[in-house]
Amino acid sequence: MVSYIFRRTLMAIPLLLGITILSFAIIKAAPGGPVAMLMDPKMKASDREKFEEKYGLNDPVYVQYFKWLGNMAKGDFGESLIKRGTPVSELILNRLPNTLLLMTVSFLLAVLIAIPIGIYSAMRPYSPLDYTFTVGSFLGVATPNFWFGLILIMFFSVTLGWFPTGGVATLNAPFSLWDRIHHLILPALVLATADLAALTRYTRSSMLDVLKQDYIRTAKSKGFKEKKVVIKHGIRNGMIPIITLFGLMLPSFIGGAAITEKVFAWPGLGQLFIDSAFQRDYPVIMALTVISAVFVVIGNLLADILYAIFDPRIEY
Amino acid sequence: MSQINMEVSQKDLQLNPNLKSKPDTLTRIFFQKFTKNKLAVIGSIVLFIIIMSAVLAPWIAPYKFEDINLLDKLKPPSKEYWLGTDRYGRDIFTRLLYGGRISLLVGFCSVAGALIIGVSVGAVAGYFGGIVDAILMRLVDIVISIPSIFLLITVVTIFKPSVANLILIFALISWTSTARLVRGEFLSLRTREFVLASKTIGTKSYKIIFSHILPNAMGPIIVSATLLVGSVILSEAALSYLGLGIQPPTPSWGNMLEDAQNYTVMLKAPWYPFFPGLLILLTVLCFNFIGDGLRDALDPKTIE
Amino acid sequence: MTALLEVKNLKTYFKKKKVNIPAVDGVDLKINKGETVALVGESGSGKSITSLSIMRLIPSPPGEIVDGEILFDGKDIVKLTENDMCKIRGNDISMIFQEPMTSLNPVLTIGEQIIEVLMYHQKMSKSTARNRAIEMLELVGFSRAKALIDDYPHRLSGGMRQRVMIAIAMSCNPKLLIADEPTTALDVTIQAQILDLMKDLSKKSDTSILIITHDLGVVSEVADRVVVMYCGQVVEEASVDDLFDEPLHPYTTGLMGSIPSLDGDVERLYSIEGTVPPPEHFPVGCRFAPRCPHAFDRCRNEDPSLITIKGSRSVRCFLHGDKEATL
Amino acid sequence: MSVTTAEGMNEQAYKKESDYILEVKDLKKHFPIKAGFLQKTVGSIKAVDGLSFNVKRGETIGIVGESGCGKSTAGRTLIRLYEPTSGEIIFKGRNIAKMSEGELRRSVRKDIQMIFQDPYASLNPRKTLKAILTEPMITHSLYRPRERMEKLNELLEKVGFNPLFINRYPHEFSGGQRQRIGIARALALNPDLIIADEPVSALDVSIQAQIINLMEDLQEDFRLTYVFISHDLSVVRHISDRVGVMYLGKMMEFASKKDLYEDPLHPYTQALMSAVPVPKKKGVQARERIILKGDLPSPANPPQGCVFHTRCPAATEICSQMVPEYKELKKDHFVACHLY
Amino acid sequence: MKKPAWLLLSLMLVLSMFLAACSGGGKTNTTESPKGETKGTEKEETKNEGPVQGGDLVIGSTGAPTMFNPLYSNDASSSDIEDMIFSQLMGSDIGLNTVKEGNLAETYEASEDGLEFTIKIVENAKFHDGEPLDADDVVFTYNIPLSPDYDGVRKSYFENIEKVEKIDQYTVKFTLKQVDAQFPVVSLGFGILPEHILKDVPIADLGEHEFNTKNPIGSGPFKFSEWKDGEYVKVVANDDYFDGRPYLDSVTYKLVPDANAILAQLQAGDIDYYAGIPQPDVPTVESYADAAGLRLESGLALSYTYLAFNQRDDKFKDKKVRQAITHAIDRKAIVEHVMAGLGEVAHVPESPLSWAYNPDVPKFEYDVEKAKKMLEEEGWKPGADGILEKDGKKFSVEVKTNQGNKVREDIVVILQKQLKEVGIEIKPQIVEFSSLIADIDPGVWNFEAIVLGWSLGIDPDPSGIFHTKEIEKGLNFTGYSNPEIDVLMDEQLKELDKNKRKEMIGKIQALLAEDQPYTFLYYPKEFRAMPKNLEGYEFHPKAQMYNIHKWWLKPE
């Protein structure tokens, strides 16, 4: 297992390199640069050149890439070009907990809702409730985040006043767990609805598959009641294909919440990603792609480990 | 001769009672299975109506989509404006019809593009395997691993958001899942006995790919394509939110919804976002249901 | 000898597009205490559905027992509530299946899969159940049962898994063991091991066995009595010796003729024309008539009934029926 | 046309070239096992490990063995669906083991055909019978289009299938009927040699007999040579002229049907035969059964010496150390065992 | 074996909660003491009408600040906060006059030739760390951008300074290279940095120094307290502010990136003050203002929105054509419908608020017929499809504007409709901001026409945008060139007499209006929402935080 993890980590290096090369190429191909943000009627072209020179923005792209790569290999992500002087790592570390919290909670929310629904649907396929869940989950997926988010804010926060309008915590108030949860609910809900449909559908079809298996018949022939059969013999087997889906959802951990974060003024990495992309803050963008890629690698690794936990047939 | 045959057939029918008197064409089986899934049928009908009204927009629409009537801004649904008007007093019904043309065009064409790339890459990787497969799949991994929102923003910035470019961009971004899927299908199909049988006959690789493997992989490919259409329409809406979607005044459902995501509009004209939202929902829903229906109808396993 | 299980006129239908498909259509079956009965037939004959009906494991909605009685120890299983049936399944009647590779849950250890039955039916504590499970594994021939108990099924070969299945099925000392094609998926050398084991166990514990198979070789190896099914009906029933000596029904005869022999040569195999019709297309009259070389007009119009002849055996055929029936 | 027995053929052909249509010499097929860091090849599954036998024109060679013994791999390697690891496959005097795919297609593919086990998987569900059966002719540009239809009808009649059904799809037919189609497809190119990989094991007993009879009839009509692979000893006995018994990728015993079944020499063959349950016959004493211990060892890690020694009731010291020679004990009766 | 899976998941959750809690916990440590209510005061229960101390004001912003160093930052959010943290030598009043009152300059004297300025600074100014602010700090601050190592964006603001000298502890002298009428406005409005903290920092590193982000120390009315990236910036009252302690205890500058969400926050009371209400939403905010305890203050903003023509393009070379286009545009309707009527039609590139504004310039009012006629005179004739043609070329224009600005997008849509009337086809192209800026970069000039806005300085000098010398390297991206105006623009900068200068600039404005390098669309009216009980507020068109130390919340 340890050697497997080690091997997988080594195998991730070409993947990481590929991702950084592609990202670097794309972002450099986009017109404009960080100095475009600094437009000022009084600014002279020479001032800009000084800035560009200082940050090596006039070098050939491959030189810039290798310089960046060299620094990154040393663990140095560089400094933001827009928030000059702020290390990229600091920018990211400030927001990483927020993103992790939001994504994990929304993901768990989605899982906690979707899996029981999926299992129920598989147990009673084509029942009225199954249809209801199906339509309901697609409703979630077909509602754009930005619109759904604003609706929730207008209704639950402005009209009813049940939830805060945004942010991670009440301003100027001491830390309280309840306050944090209170702020988390609406954005997590918006994000969860998007994942809900896919998860429900996968769980349903996976469980349908499992419930047709011979060992389920065996379990029934042992005299167990349906509930026990499904819980003890069905779920763990049914979860195995879902793990793949978990792995596929992980890349969206960084960028996936961007729009929701914006609507709920949630200071997460997704927003930082969008802002940096618009501002051409190259070091931040590159650091975020690297982190995102690392997430993917970790996610896949985690999925593999989960596979091994759920499925004893898999050994590394 | 036909008489003799008929006679034999009678006996065959008797001995093989599961043989129907008329041959089952694949199309008929397809329809039989498809129509069994009620949601899929309803989905097809609704989608057909949506597509037809988009296609026939110039004949159905009571106004021109770019006609501004500044005196009738944000009017509620009425006899004059069936679904009300937007912030410029343009008829929402008209814009929805034309918006459907753009949204569906972008959806279909992007997915067609994604399929062309994805199927080619997946087929080559899955059929030939080995180093070709390894390289192509790493490429897929790389594209999948970069957050799509970042890809969208930057690629749109590079190419500029015209309808044609958006189609290109969505195709460039969404081919990966198809490629993975097709590769998987090819990997499993290439060891199937009918493919082996074809090999023992001496059939050439390209012919095996196109005539034996691809038709049998079409089911999952089409299903994933239907799901992709919905997600492209939603991505266009998200891009519109970032201001990089279809350029005004050309309507798309996405940019109409974005236009309606406005505090004033939502307070004063809540019906405005409702309609494009409903159409996006309906379309995505229809595609998903049709996808479900197609999954069952096209599955060669269930044919047998 | 008393009957442990008596199936009377069992009809299990499947509903498909509002049409009833008679998968099992009036089956009578009797198993005495300690007896091994073989249910023989090709695929589509309804033998597996019969066994699943006895277990009340017919997938419902589509399937339903529409008529008949299944008397087990005097109780009619058909009328039991699902709760009461759960107490019988795995305890009084247990079952092993054709596919040992897929019949064990891959994510649970072998031990867990035996222990759970014991804890559930015998209300044993976990540790007692564990000891009993080890005993059972030893009983089915595993020498290193203590180590094996914490292993997962994927580490075992097909033959070993089938032995585990037998251990699970036998752990509560059932009165009846239903074995649905228990050796079909196994190699001959392994099949021999399993058949030996089953014979041995039934002798030791006085368990009745209903073995379902299409392999007449297996039948002659283990069964006391044979019931031949075709198209959802019993077409012939006899003791194993009688049947192999003198098969009465043309289907049984045909079946026996179709099998190449290991000992002697025949120039050409006997073959039954045509195929088994699917349940939705069962013909009127005798269901075997379209394939029967002896069929005459009556066979194509009238449904023969199962009649007892020569005291102990019965057959569903007009060729034999009438003489005896008039007696 | 008169029945040409294997012996008859033998005598006639002896003076000409080789009287063997197919000679297999020390054929090996190893599948690599990849593992560890960087997925290096760390071992191999020796699916077929030194197989030698020959096939005379017009005869039927039966190959029996339990699952995992490599008989199907052997069949697929013979027809070059798998690349042989080493060894020679001499078909009509030419070694096809290392032939390029193009040359195979030009000169050999047509002459060797295969019948597969699974009648459901071996027919493309999306093609009509017509498409399935004309594909071989089109691939090899045989016949003119109109003649193809005639040939097709002829083929179908031969396999007992109503030509009226040529526009139907495989799913409309039962397993037995599909297997007939599979056979017709193999015949479409007028092959010399047919490798039949478990052609009847997926079929019901009554259908199995139909197909066996059909194959026997066709052998006469088309002067076919069969390599018949099966796990069913009775079926193999019925159809074959000579029979080989495989175990863990190796040939244990190879002899004429009569020799093998009446006087099996190898302990494995003996055990195999005794294990088959046979319907009782009055007055016939039940045979004594040899129950083999344990299971088949993994072909990735076969036992040292004789591969069968772990389960052999007659194993001695030497069996675990030396690989027994595959030798001709009697005329045309080969066996690999230290007992002899 | 089943347990670890759930354990792992819950561990992940707990871990992320913990991490988040840590960052939250950090906040409680740095916040002085929790101030429960945002509005109202507790301390002094005075019933008189005088100002009351206390309270926290939450200011909303969609933009995030980048750093707090006026010599390096260049965005509105940063300068909002810099305005509170730093104090400067000179400033402007609500009438846009340059004043020393409320700023560090106590006296301000210019020499006869206009090349030397002597400024005496107040003696009671102190930095937030208690160090007094004196001439050394001023000299230090002004020498930074004069250094060749300086890599900030403000160099041109100081280019005309020859040297800065300390005369005595509280007096400094600026020497200019040449006469510069806008010097006091442009160059003296920068916050003074503390020499005692930064003197050892090499100037090349100053742009990245952590002073800018972690610990800015100025002498302004508020002290920097905390910056949580992406959430808020908090400043607290400076008790030692030389102009008197601010009444507010603290100001929280809250970031809400979504323009609609910020209006929701305003309505819900999560934001007290917001200056960026889009004009189309003003009626909406007005409708809920009362219930939310808000009031709106408004005035013209110091900016204008325009349609610029690329004059390298043959279509736009002729000023008659540009004039005709202006005639064809119904700017009143644009103001009415896009801006909800909240703005004024513009004719010159200067705000009516400015002392140099010249109302008496050539105007090209909405007149479709005249526009058609003028275009026809220039050879543009309607083609078969109604679109004008000349020499076989259609009058089709791609109009770009930046993404993320709804009002500009709307303008383009309406322009398309209006110009169609005269036969000009408009193809809107909404471009992401960075790439739009790249499109108008010197040498690139990849546009035909563009809708943008200029924010104006306090000083009315128009040369940065319309002078010929600004084409090659500056912001005259339209390529407009008029030698007569060039001369006037150079001269007005050297004119120290305000009245004479006003006359010269007025002439420039008239000429620019005649030439129509842009179609000047409108001057927007800006609306700022604030608590009903906010007192001491004065609407300054340029600085939303103007005199914030004078603001106070009236107890209810």
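Quick caveat, the model's predicted, so the values are computed rather than measured.

In terms of regular secondary structure, chain D is built from 10 helices and 12 strands. In terms of C-alpha radius of gyration, chain D reaches 21 Å, essentially the compact-globule figure of 20 Å for 340 residues. Over its C-alpha atoms, taken along the principal directions, chain D stretches across nearly 70 × 65 × 45 Å. Scored against the burial criterion, the 340 residues of chain D give a buried share of 58%.

Most contacts, among the nine pairs of chains that meet, fall between chains A and E. Of all C-alpha pairs spanning chain D and chain E, none lies closer than 25 Å, and the two are not in contact.

Residues and elements named next belong to chain D. With six of its six residues buried, strand 8 (residues 225-230) lies for the most part within the structure. Side chains of strand 8 alternate between two faces, with Thr-225, Val-227 and Ile-229 and Tyr-226, Phe-228 and Ser-230 buried alike. Taken together, the five bridges between strand 7 (residues 193-197) and strand 8 define a ladder with parallel strand orientation. Among the inter-strand pairings, Asp-197 is bridged to a residue of strand 8, identified as Ile-229. Taking the sense of rotation as the criterion, the β-α-β connection linking strand 7, helix 7 (residues 205-222) and strand 8 turns out right-handed.

Once that is clear, we can look at the interface of chain A and chain B. Each partner contributes residues to the interface: chain A has 41 residues there, and chain B has 41 residues. Counting the surface lost from both chain A and chain B, the interface buries some 3600 Å², and carbon and sulfur atoms represent 83% of this. Taken together, chain A and chain B are joined by one salt bridge. With a closest N to O distance of 2.5 Å, B:Asp292 and A:Arg201 form a salt bridge. In this structure, the connection of chain A to chain B is made through three residue pairs in polar contact (both at pLDDT 80 or more). Of all the elements in the fold, those that place two or more residues in the side of chain A that touches chain B are helix 1 (2-29), helix 5 (128-142), helix 6 (145-159), helix 11 (258-263), helix 12 (269-279) and helix 13 (282-310) of chain A. Of all the elements, helix 1 of chain A adds the most residues to the side of chain A that touches chain B, at eight residues. Class assignment of the residues belonging to the side of chain A that touches chain B gives a composition of 32 nonpolar, six polar and three charged.

We now examine the UniProt feature "domain: Solute-binding protein family" (unreviewed entry) in chain E. With numbering matched to this structure, UniProt assigns "domain: Solute-binding protein family" (unreviewed entry) to residues 102-466 of chain E. For the annotated span residues 102-466 of chain E, helix accounts for 28% and strand for 25% of the residues, and the straight-line distance between the end C-alpha atoms is 34 Å.

What follows covers the interface of chain E and chain A. On the chain A side, the residues contacting the 76 residues of chain E number 68 residues. For the pair chain E and chain A, the summed buried area comes to about 6300 Å², and 62% of that belongs to carbon and sulfur atoms. Run the count over chain E and chain A and you get eight salt bridges. Its salt-bridge partner being A:Glu90, residue E:Lys214 comes within 2.8 Å of it at the nearest N-O pair. Run the count over chain E and chain A and you get 13 residue pairs in polar contact (both at pLDDT 80 or more). Of all the secondary-structure elements, those providing two or more residues to the side of chain E that touches chain A are helix 1 (3-30), strand 1 (56-61), helix 4 (155-158), strand 9 (232-237), strand 10 (250-255), helix 8 (259-268), helix 14 (433-439) and helix 16 (469-473) of chain E. When residues in the side of chain E that touches chain A are grouped by element, the largest group, 14 residues, is from helix 1 of chain E. A class-by-class count of the residues in the side of chain E that touches chain A yields 35 nonpolar, 19 polar and 22 charged.

In this section: the pairing of strand 9 (residues 242-247) of chain D. All names here are of chain D. Burial runs high along strand 9: six of the six residues are buried. Of the two faces of strand 9, the one holding Arg-242, Gly-244 and Met-246 and the one holding Val-243, Val-245 and Tyr-247 are both buried throughout. Direction of pairing for strand 3 (residues 60-64) relative to strand 9: parallel, over a ladder of four bridges. Directly across from Val-64, in strand 9, lies its bridge partner Val-245. Hairpin connection between strand 9 and strand 10 (residues 250-256): a loop of two residues separates the two successive antiparallel strands, and Leu-248 in this loop has a positive phi of roughly 45°.

The subject of this paragraph is the packing of helix 7 (residues 148-159) of chain B against helix 8 (residues 163-189) of chain B. All names here are of chain B. Interaxial distance between helix 7 and helix 8 falls to 10 Å at its minimum, and their mutual angle equals 145°. In the crossing of helix 7 with helix 8, the sense of the turn from one axis to the other is right-handed. The residues of helix 8 that touch helix 7, namely those facing Leu-151, Leu-152, Val-155, Val-156 and Phe-159, are Asn-165, Leu-166, Leu-168, Ile-169, Phe-170 and Ile-173. Residues belonging to the contact of helix 7 with helix 8 are distributed by class as follows: 10 nonpolar, one polar and no charged.

This next bit is on the sheet that holds strand 8 of chain D. Residue and element names in this part refer to chain D. Reading across the sheet, the eight strands line up as 6-7-8-3-9-10-12-11 and stay open at both edges, with mixed pairing between neighbours. At either margin of the open sheet sits one strand with a lone partner, and together these are strand 6 (112-115) and strand 11 (326-330). Pairwise comparison of adjacent strand axes, ignoring direction, gives a mean angle of 20° for this sheet. With four bridges joining them, strand 6 and strand 7 adopt parallel strand pairing. Pairing of Met-114 across the sheet is with Ile-195, part of strand 7. Helix 6 (residues 175-187) contacts strand 6 and strand 7 of the sheet and is inclined by roughly 175° relative to strand 6.

Another aspect to go through is a nonpolar patch on the surface. Residue and element names in this part refer to chain B. A surface patch of nonpolar side chains, amounting to about 800 Å² of accessible area, comprises Ile-45, Phe-48, Ile-49, Met-52, Val-55, Leu-56, Trp-59 and Ile-60. Contributing elements (two or more residues each) for the nonpolar patch: helix 3 (38-55) and helix 4 (57-60). Among the elements that line the nonpolar patch, the one with the most residues is helix 3, at five residues. In this structure, Ile-45 sits in helix 3.

Calculation criteria
Every chain begins its residue count from 1, and numbering advances along the sequence as written. Whichever chain is written first is A, and whichever ligand is written first is 1; the rest continue in order. Since the coordinates come from a predicted model, pLDDT governs what is reported: local features require at least 70, and pairs of side-chain atoms require 80 or more to be given and counted, while whole-chain, interface and lining totals use all residues. Excluding hydrogens and water, the side-chain figures rest on all heavy atoms present in the structure. Put simply, DSSP H or I for four residues or longer makes a helix, DSSP E for two residues or longer makes a strand, and each gets a number counted from the N terminus. Atoms counted for the radius of gyration: C-alpha only. Globule rule: 2.2 Å times residue count to the power 0.38. Each residue gets one of three labels from its accessible area relative to the maximum for its type: buried under 20%, exposed over 50%, partly exposed in between, using a 1.4 Å probe on protein chains only. The criterion used for residue contact is that any of the two residues' heavy atoms lie within 4.5 Å. By definition, two strands form a pair when at least two bridges between them are found by DSSP. Handedness of a crossover is defined as follows: orient the strands so they point away from the viewer, and if the path from the first strand over the helix to the second runs clockwise, the crossover is right-handed. Buried area is a sum: the accessible area each of two parts loses on coming together, probed at 1.4 Å, counted once for each and added. Salt bridges, as used here, are contacts in which a Lys or Arg side-chain nitrogen is within 4 Å of a carboxyl oxygen on Asp or Glu. N or O atoms closer than or at 3.5 Å make up a polar contact, with two conditions inside protein: a donor-capable atom paired with an acceptor-capable one, and, for residues adjacent in sequence, both atoms drawn from side chains. Three residue categories are used. Nonpolar comprises Ala, Val, Leu, Ile, Met, Phe, Trp, Tyr, Cys and Pro, charged comprises Asp, Glu, Lys and Arg, and polar comprises the others, including Gly. UniProt positions are given in the numbering used here, feature names are shortened, and annotations may be inferred rather than shown by experiment. Every angle, taken between N-to-C directions, lies between 0 and 180 degrees, and every axis is a line fitted to C-alpha atoms, over only the stretch in contact when it is a helix. Working rule for handedness: look at the near helix, and if it is turned counterclockwise from the far one by less than a right angle, call the crossing left-handed; if clockwise, right-handed. Each patch is built from residues that are more than 30% exposed by relative accessible area and take part in no salt bridge. Like charges join if they lie within 9 Å; nonpolar side chains (Val, Leu, Ile, Met, Phe, Trp, Tyr) join within 5 Å. We get accessible surface area from the Shrake-Rupley algorithm with a probe of 1.4 Å; when it comes to residues, only the shown protein chains can shield them.

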